[in-house]
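# Results of the structural survey
Spelled out from the first residue to the last, the chains are:
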Amino acid sequence: MASFLSFVIKSLVHKFIIFFIVITLIFLIPRLAPGTPIDYLVENPRVPPEVRIELIKKFGLDKPIFPDQYINFLYNFFVRLDLGYSFTYQEPVLKVVSERLVWTLILMGSAIVISIPVGILIGLLLAWRRGSSTGYVLTSLILLARSFPVFWIGMVLLLIFSFYLKIAPSGGALTPGAVYTNIFSYLEDVLRHLALPLITISSVFIPRYVILMRNASLNVLGEDFVWVAKAVGLSSRHILISYVGKNAILPIMTLISIDIGFIAGGAVVTETVFSYPGVGRLIYEAVLNRDYPLILGAFTIIVGVTLIALTIAELLYAIIDPRVRRGET
Amino acid sequence: MVRLKPRRLIDFLKRLAKKPPGAIGLTILLTLGIIAIFAPYISPYNPWERVGTPFEPPNPKHLLGTNDVGQDILSEIIWASRISLTIGFLSALISALVGTFLGVIAGYFRGLLDRLITSITDIMLLIPSLPLMIVLAAFLGRCIFIIIFVIVITSWPSVCRMIRAQTLSISSLQYIEAAKAIGAGSGRILLKYIIPQILPLTMAVSILGTGEAMIAEAALSFLGLGDPLAKSWGTIIYWAFVSGGFTYGAWWWFVPPGALIALSVFGFMNLGYALEEELNPKLKQQQ
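Residues numbered from 1 in each chain as written. Chains lettered and ligands numbered in written order. Predicted model: local features only at pLDDT ≥ 70, side-chain atom pairs only at ≥ 80, totals over all residues. Heavy atoms only, no water.

For the rest of this paragraph, the subject is helix H11 (residues 279–288) of chain A. All names here are of chain A. Most of H11 sits out of view: 9 of its 10 residues are buried. Three or more residues of H11 are buried, namely Val-279, Gly-280, Arg-281, Leu-282, Ile-283, Tyr-284, Glu-285, Ala-286 and Val-287. Phi turns positive one or two residues past the end of H11, at Arg-290, with a value near 55°. (Buried < 20%, exposed > 50% of the residue type's maximum accessible area, 1.4 Å probe, protein only. Helix = DSSP H or I, 4+ residues; strand = E, 2+ residues; numbered from the N terminus.)

Put into structure tokens, the structure is as follows:
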């Protein structure tokens, strides 16, 4: 138990250091880009003059970059949770971003929950059917599916299901102006809007898990204990699930923790295609409007969520595989 | 050392083409390469000129129809293959070279330098790459070189990590120890024994990485961060998305460029796997 606790603390400290470095990067980017930080952070006709003066004072933008501005920036971020002022929304950046976070979490969460079991299952089957022509064709199809850009898959789905068949909404997370009589009609509306973006993201994730699970299982299938199990006369299904699946699951856990970062990227383009009001769509709008503080704020939240998700994945991994917490691998 | 004599290169390609992945990859990429090189002769119209009425569906005069200002989409796609393939390949090549350089240094010299390089790659690999590319591109401006730069920034770390591991395992081999023992200098060992073994891997990585880089370029262009003056497959889809081609149901505007992106990525992936298998004898045994 003590070793587990120290593992948890080590993992948290590691993530915090990385977050701190990213925050420093976010401080540096507008200051290294051509132009002055004042241009990027406060100079915009939409910002009222009194807010502009207040922002310059709060972030010390008239003082030297180091150490004054940096200390001000860290103080504002960590103590007051202040990331600046959004030009387009005329509100603090953190408020704008956190309002959008729920939708991204719903989309990303359900994509993970669906993609992993489906991918693992197909991968196991492909490993079992290796060498057969159906296995070869399926594997090629999966590789081909991996080649399509996410946003393009989303656009084609929208074209088919929304433009031609008219059975899916054209975008958004809820029907504008809809009145819900009860919780179920609300949930139904949420799910109707979630379906296509969810399929889009999953179509990118499932192939990744299929390929990895297939390769991992192929490695396990070559092990002696599988031959022994066959020789003893255990059924294929039993061997597949209890022996091969269990042992191949560890590399999958590693991929999950790497993939969580990709989900954030996938969410940006998918949310843009479907006008889904998450943090990803927000970053697109911010780029469109040249709302620099908002771009940085949305990026910070995406990195923060990614690191939290990574930590959870790492802890789960440590619970499943005791060697990890003892630092043996 | 793999020397690029034409005869040997042809033999090598022949060997690659014997297996399905190599054959598929080579066919796709040679075809696309020829289209890109001969774009001025193949394309039916000038892609920057208005040669038809807006939103014409595919017809005998315009095989893939026209866009919102009446430009011929087939010609656009043919010309765009140049930008898309070049950005993809250049970014992957530069990432592979940077990653190889740092990976070899880290893996061979070890010590403080290794720890520094390893921590940087570890951190970079944990930052979500597309959002980081978006932020950098948004602040640095919109031109082809900046796109290549941001793709390189986010993709060299994974190459570096792999090359470092390879260098580590090669450096521990006995003949390297022996070379050191008889007094060979680091420069000689690196140039004569280690780099020649690593370079083929770098080649495979840059081919495999080109697909990923093309997807990254397409995503950046789709988000409106592409070079407004250059036509790539990604920017064509971007214009279709923002200028009403989408609400109009003009599938001929965005389906073909997306399919071509996928086809090239598929081609590079297949060729990359074939190369990896051919160059890595250990992998060959396993199969």
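Under the criterion given, the structure shown has 11 salt bridges over all chains. With a shortest N-O distance of 3.8 Å, Arg146(A) and Glu212(B) are connected by a salt bridge. You can see Arg146(A) sitting in helix H6 (residues 133–147) and its partner Glu212(B) sitting in helix H9 (residues 186–222), one on each of two chains. The partly exposed category is assigned to Glu212(B), whose relative accessible area is 48%. Of the charged contacts in the structure, one is a salt bridge between Lys231(B) and Glu76(B), with a shortest N-O distance of 2.7 Å. (Salt bridge = Lys/Arg side-chain N within 4 Å of Asp/Glu carboxyl O.)

This part is about the interface of chain B and chain A. Listed as interface residues are 39 residues of chain B and, on the opposing side, 45 residues of chain A. Taken together, both faces of the contact between chain B and chain A bury some 3,900 Å²; the carbon and sulfur share is 83%. Looking at the side of chain B facing chain A, the largest losses of area belong to Leu126(B), Phe139(B) and Leu223(B), adding up to 18% of the total buried there. The interface formed by chain B and chain A includes 1 salt bridge. Joining chain B to chain A, the criterion identifies 2 residue pairs in polar contact (both at pLDDT 80 or more). Those elements that place two or more of their residues in the side of chain B that touches chain A are helix H5 (111–126), helix H6 (129–140), H9, helix H10 (233–242) and helix H11 (251–279) of chain B. Per-element tally for the side of chain B that touches chain A: the top contributor is H11(B), with 11 residues. (Contact = heavy atoms within 4.5 Å. Buried area = accessible area lost by both parts, 1.4 Å probe. Polar contact = N/O pair within 3.5 Å; in protein donor to acceptor, adjacent residues only side chain to side chain.)

Time to look at unusual backbone geometry. Glycine aside, residues mostly have negative phi angles, and peptide bonds mostly take the trans form. All names here are of chain A. Positioned with a positive phi, Gln-90 is a non-glycine residue whose angle comes to about 55°. Among the secondary structure elements, Gln-90 is positioned in the loop between strand E1 (85–86) and strand E2 (91–92). Taking relative accessible area as the criterion, Gln-90 reaches 37% and is therefore assigned partly exposed. Even without glycine at this site, Arg-290 takes up a positive phi of about 55°. Tracing the chain through its elements places Arg-290 in the loop between H11 and helix H12 (292–320). Given a relative accessible area of 42%, Arg-290 falls into the partly exposed group.

To continue, consider helix H3 (residues 49–58) of chain A. Residues and elements named next belong to chain A. Listing the buried residues of H3 in full gives Val-51, Leu-55, Ile-56 and Lys-58. Mapping the buried residues of H3 onto a view down its axis gives an arc of 165°, with all of them on the same face. Opposite the buried face of H3, at more than 90 degrees from it, the exposed residues are Pro-49, Glu-50, Ile-53 and Lys-57. The elements touched by buried residues of H3 are helix H4 (65–79) and E1. One or two residues past the end of H3 sits Gly-60, with phi positive at roughly 60°. (Arc of directions from axis to C-beta.)

For the rest of this paragraph, the subject is the confidence of the model for chain A. Caution is warranted with low-pLDDT regions, since their predicted coordinates should not be read in detail. With 97% of its residues at a pLDDT of at least 70, chain A reaches an overall mean of 84. Element-level mean pLDDT values for chain A span from 69 in helix H13 (residues 322–325) of chain A up to 91 in helix H7 (residues 150–164) of chain A. (pLDDT = per-residue confidence, 0-100.)

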